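# Observations on chain architecture
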Amino acid sequence: FDDRAGFTDENMANVRDAVNDPFGPNRWWMSTDDPFQALATCREIVSAIDSGDPEGYECSLPVHMDGSCNGLQHYAALG
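Along each chain, the written sequence defines residue order, and numbers are assigned to residues from 1. Local features in a predicted model are, by the rule used here, given only for residues with pLDDT of at least 70; side-chain atom pairs are given and counted only at 80 or more, and totals for whole chains, interfaces and linings are based on all residues. As a rule here, side-chain values cover all heavy atoms of the structure and leave hydrogens and water aside.

## A look at the layout of surface pockets
Residues are called lining when one of their atoms sits within 4 Å of a cavity or pocket point, these points coming from a 1 Å grid over the protein atoms alone, where a cavity is a set in which a 1.4 Å probe fits but cannot get out and a pocket is an open set with protein on both sides within 12 Å along at least five of seven lines. Grid points are joined across faces, edges and corners, and a volume is the space filled by probe spheres set on the points. Empty space within the largest pocket amounts to approximately 770 Å³. Numbering of helices and strands runs from the N terminus; a helix is a DSSP stretch of H or I covering at least four residues, while a strand is a stretch of E covering at least two. For the lining of the largest pocket, the secondary-structure elements that each account for two or more residues are α1 (2–10), α2 (12–20) and α3 (35–50). With 7 residues, α3 is the single largest residue contributor to the lining of the largest pocket. Under this grouping Gly is polar, as are all residues other than the nonpolar Ala, Val, Leu, Ile, Met, Phe, Trp, Tyr, Cys and Pro and the charged Asp, Glu, Lys and Arg. The residue inventory of the lining of the largest pocket, partitioned by class, reads 12 nonpolar, 4 polar and 4 charged.

Encoded structure:
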């Protein structure tokens, strides 16, 4: 987690550029593994910081979960 926070701190100017002008000259977010997820995350980071209360900010990004090892799902599938 510290590496991710460090990356964000080092690239905060890029994060803000991506939000303010995503298709402008600084398109660094397009070179990420999942570009539109990166852009959505940039928007959330900027919104959280600009809210004045980043710790209290409620993020709207979905959290993907794998339920393949969920016993209740297997039980529900039986009947």
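Here the narrative resumes.
## Points about the environment of Asn70
Within the element layout of this structure, Asn70 appears in the loop between α3 and α4 (71–78). Burial classes: relative accessible area under 20% of the type maximum marks a residue as buried, over 50% as exposed, and values in between as partly exposed (1.4 Å probe, protein chains only). What makes Asn70 partly exposed here is its relative accessible area of 35%.

## Topic: the state of the cysteines
Put simply, a disulfide is two cysteine sulfurs that come within 2.5 Å. Scanning the model with the defined rule gives 0 disulfides in all. Free cysteine Cys59: the closest other cysteine sulfur is in Cys42, separated by 12 Å. Residue classification places Cys59 among the partly exposed residues on the basis of a relative accessible area of 42%.

## Notes on the packing of aromatic side chains
Planes of paired rings set the category: under 30 degrees apart is stacked, over 60 is edge-to-face and the rest tilted, where pairs are Phe, Tyr or Trp rings (Trp by its six-membered ring) whose centres lie within 6.5 Å. For the structure shown, the criterion picks out 3 aromatic pairs. Summarising the aromatic geometry, the rings of Phe23 and Trp29 are spaced 5.9 Å apart at their centres and angled 70° between planes, so their arrangement reads as edge-to-face. Trp29 sits in the buried class, given a relative accessible area of 0%. Taken together through their ring pairs, the aromatic side chains of Phe23, Trp29 and Phe36 make up a single cluster.

## A word on the side chain of Glu44
Inspection of the secondary structure puts Glu44 in helix α3. Here Glu44 sits buried without a salt bridge, and the closest side chain of opposite charge, Arg43, lies 6.8 Å off (N-O distance). Any pair of N or O atoms that falls within 3.5 Å is considered a polar contact. Within protein, one atom must be able to donate a hydrogen and the other to accept it, and sequence-neighbouring residues count only if both atoms are side-chain atoms. Among the polar contacts listed, one links the side chain of Glu44 to the side chain of Ser60, at a separation of 2.8 Å. It only takes one pair of heavy atoms within 4.5 Å for two residues to be counted as in contact. The residues touching Glu44, leaving out its near neighbours within four places in the chain, are Tyr57, Cys59, Ser60 and Leu61. Counted as positive: Lys and Arg. Counted as negative: Asp and Glu, with His and the chain ends omitted from the count. Salt bridge, as applied in this entry: a Lys or Arg side-chain nitrogen positioned within 4 Å of an Asp or Glu carboxyl oxygen.

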